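# Remarks on the overall topology
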Amino acid sequence: MPHLVTVRGRRSDGRRLRLYVPVLPLLLAVPAGLIACLATRMSPAVAPGSRWNRAEPPC
């Protein structure tokens, strides 16, 4: 199993972007995020676009 995963993409100005992401913290962060979503009763699919990321104030 690799220790690093390469993520490739392009920046807005067209230049290439290469990120090296360590696998172990990623494997630990995903289940922790799911548990946090379940504990707060928030859907994991909605969490990235939740109201905290919007300009409008919370209720």
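Residues numbered from 1 in each chain as written. Predicted model: local features only at pLDDT ≥ 70, side-chain atom pairs only at ≥ 80, totals over all residues. Heavy atoms only, no water.

## What to know about the overall build of the protein
Definition in use: Only runs of H or I of at least four residues qualify as helices and only runs of E of at least two qualify as strands under DSSP, and these elements are numbered from the N terminus. For every residue, the accessible area obtained with a 1.4 Å probe (protein chains only) is divided by the maximum for its type, and the residue is called buried under 20%, exposed over 50%, and partly exposed between those limits. Residue contacts are defined here by distance: any two heavy atoms, one from each residue, within 4.5 Å place the two residues in contact. Accessible surface is estimated by sampling points in the Shrake-Rupley manner with a 1.4 Å probe; for residues, cover comes only from the protein chains shown.
Within the protein, the regular secondary structure consists of one helix and two strands. Along its sequence from the N terminus, the protein presents helices and strands in the succession β-β-α. Burial statistics for the protein: of 59 residues in total, 5% are counted as buried. Here the contacts in the protein between residues at least 6 apart in sequence split such that 3% fall between residues at least 24 apart. Only carbon and sulfur atoms are counted for the fraction: they give 65% of the accessible area of the protein, which is about 5,500 Å².

## Description of the confidence of the model for the protein
As a reminder of what qualifies: pLDDT expresses how confident the predictor is about each individual residue, on a scale running from 0 to 100.
For the protein, mean pLDDT is 77; residues scoring 70 or higher make up 71% of the total. At the level of individual helices and strands, the protein shows its lowest average pLDDT in helix α1 (residues 23–39), which scores 84, and its highest in strand β2 (residues 16–22), which scores 89.

## Comments concerning the pattern of salt bridges
What counts here: A side-chain nitrogen of Lys or Arg and a carboxyl oxygen of Asp or Glu constitute a salt bridge if their distance falls within 4 Å.
Per the counting criterion, the structure on display carries one salt bridge. One salt bridge in this structure joins Arg15 and Asp13, with 3.3 Å as the shortest N-O distance.

## Some thoughts on α1
The test is simple: To estimate how far a helix should extend, the number of its residues minus one is multiplied by 1.5 Å.
The end-to-end C-alpha separation of α1 is 25 Å, in line with the 24 Å expected for 17 residues at 1.5 Å each. Looking at the residues trailing α1, positive phi occurs at Arg41, about 60 degrees.

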